[in-house]
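What follows is each chain in one-letter form.
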Amino acid sequence: MKIINIDDKYYPEKLKLINNPPNTIYVEGNIDILNNKAITVVGSRNMSEYGKNITNQIVKDLVKYNLNIVSGLALGIDSVAHNSCLENKGKTIAVIAGGFNHIFPPENIQLHNRIINSGGCIISEHAPDVIPKKAFFPMRNRIVSGLTDATLVIEATYRSGTSITAKYAKLQGKD
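Rules behind the numbers
Counting of residues starts from 1 at the beginning of each chain's written sequence and follows it residue by residue. Selection of residues for local features in this predicted model requires a pLDDT of at least 70, selection of side-chain atom pairs for listing and counting requires 80 or more, and totals for whole chains, interfaces and linings are taken over all residues. Side-chain numbers here rest on the full set of heavy atoms in the structure, without hydrogens or water. Using protein atoms alone on a 1 Å grid, points that fit a 1.4 Å probe yet trap it form a cavity, whereas open point sets bounded by protein on both sides within 12 Å along at least five of seven lines form a pocket; residues with an atom within 4 Å of a point count as lining. Grid points are joined across faces, edges and corners, and a volume is the space filled by probe spheres set on the points. The helix count covers DSSP runs of H or I at least four residues long, the strand count covers runs of E at least two residues long, and both are numbered beginning at the N terminus. Throughout, the ten residues Ala, Val, Leu, Ile, Met, Phe, Trp, Tyr, Cys and Pro are labelled nonpolar, Asp, Glu, Lys and Arg are labelled charged, and all others, Gly among them, are labelled polar. Buried, partly exposed and exposed residues are distinguished by accessible area as a fraction of the type maximum, computed with a 1.4 Å probe on protein chains only: under 20%, between the cut-offs, and over 50%, respectively. DSSP bridges decide pairing: two strands pair if at least two such bridges lie between them. When the strands point away from the viewer and the path from the first strand over the helix to the second turns clockwise, the crossover is right-handed.

Draft legend 1. Structural view of the layout of surface pockets. Approximately 260 Å³ is the volume attributed to the largest pocket. If you go around the largest pocket, you meet 21 residues; those closest to its centre are Gly43, Arg45, Ser160, Gly161 and Thr162. Breaking the lining of the largest pocket down by element, the ones donating at least two residues are helix H5 (136-146) and helix H6 (161-171). Top element by residues in the lining of the largest pocket is H5. It accounts for five residues. Its residues assigned to classes, the lining of the largest pocket comprises seven nonpolar, ten polar and four charged.

As structure tokens, this is what we get:
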């Protein structure tokens, strides 16, 4: 794990530009990809079969253009985006809402490990022992959109985490 402060040369440039950037981020994995071109891919936890299929196809195409895929390691579209990126030999970044010692959801611990072992990285603004809390998830979403050049919403319900990410992207001036 690496601890990166906002004035560190490894701190992502795009993240410095958002409103309320974290002063410190904790990173597991490949820090060299933090400033690469990237796109956020987010969507519903309760995805449709169409949402799953279109996410796989779009991510496969984005990886061909050497774009990193950024998402929130949640179940549903986030997991599909991360997995599709890995299957197509791309680099993915997952932003989590707690510390590294409390990966949530626990069903994605294997995905967490695959991301790191495949040259991607995991980011948190919380120290390793911090347990994820409900309030941390919307805060995490500003980082998910803040790391990228654009945000792609696959499926979302009204007042969902996905819609919060889209709102942050708009406020940050992202496509």
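Draft legend 2. The arrangement of empty space enclosed by the protein in detail. Inspection of the entire model under this criterion finds one cavity of 30 Å³ or more. The volume enclosed by the largest cavity comes to roughly 40 Å³. Of the residues contributing to the lining of the largest cavity, the split by class is six nonpolar, four polar and one charged.

Draft legend 3. View of the pairing of strand S4 (residues 68-71). Residues of S4 alternate between two faces, with Asn68 and Val70 on one and Ile69 and Ser71 on the opposite face, all of them buried. Note that strand S3 (residues 38-42) and S4 share three bridges and pair parallel. The residue bridging alanine 38 from the neighbouring strand is asparagine 68, located in S4. Here three bridges tie S4 to strand S5 (residues 92-95), and the two strands are oriented parallel to one another. Counterpart to serine 71 in the pairing with S5 is alanine 94. For the crossover from S4 across helix H3 (residues 77-87) to S5, the handedness is right-handed.

Draft legend 4. Quick look at unusual backbone geometry. The omega torsion across phenylalanine 104 and proline 105 is -5 degrees, close enough to zero to call that bond cis. By the element assignment, proline 105 lies in the loop between S5 and helix H4 (109-117). At leucine 73, a residue that is not glycine, the phi angle is positive and equals roughly 60 degrees. Note that leucine 73 resides in the loop between S4 and H3. A positive phi angle, near 65 degrees, is found at lysine 89, a position not held by glycine. If you trace the backbone, lysine 89 turns up in the loop between H3 and S5. On the basis of relative accessible area, lysine 89 is assigned to the exposed category, the value being 74%.

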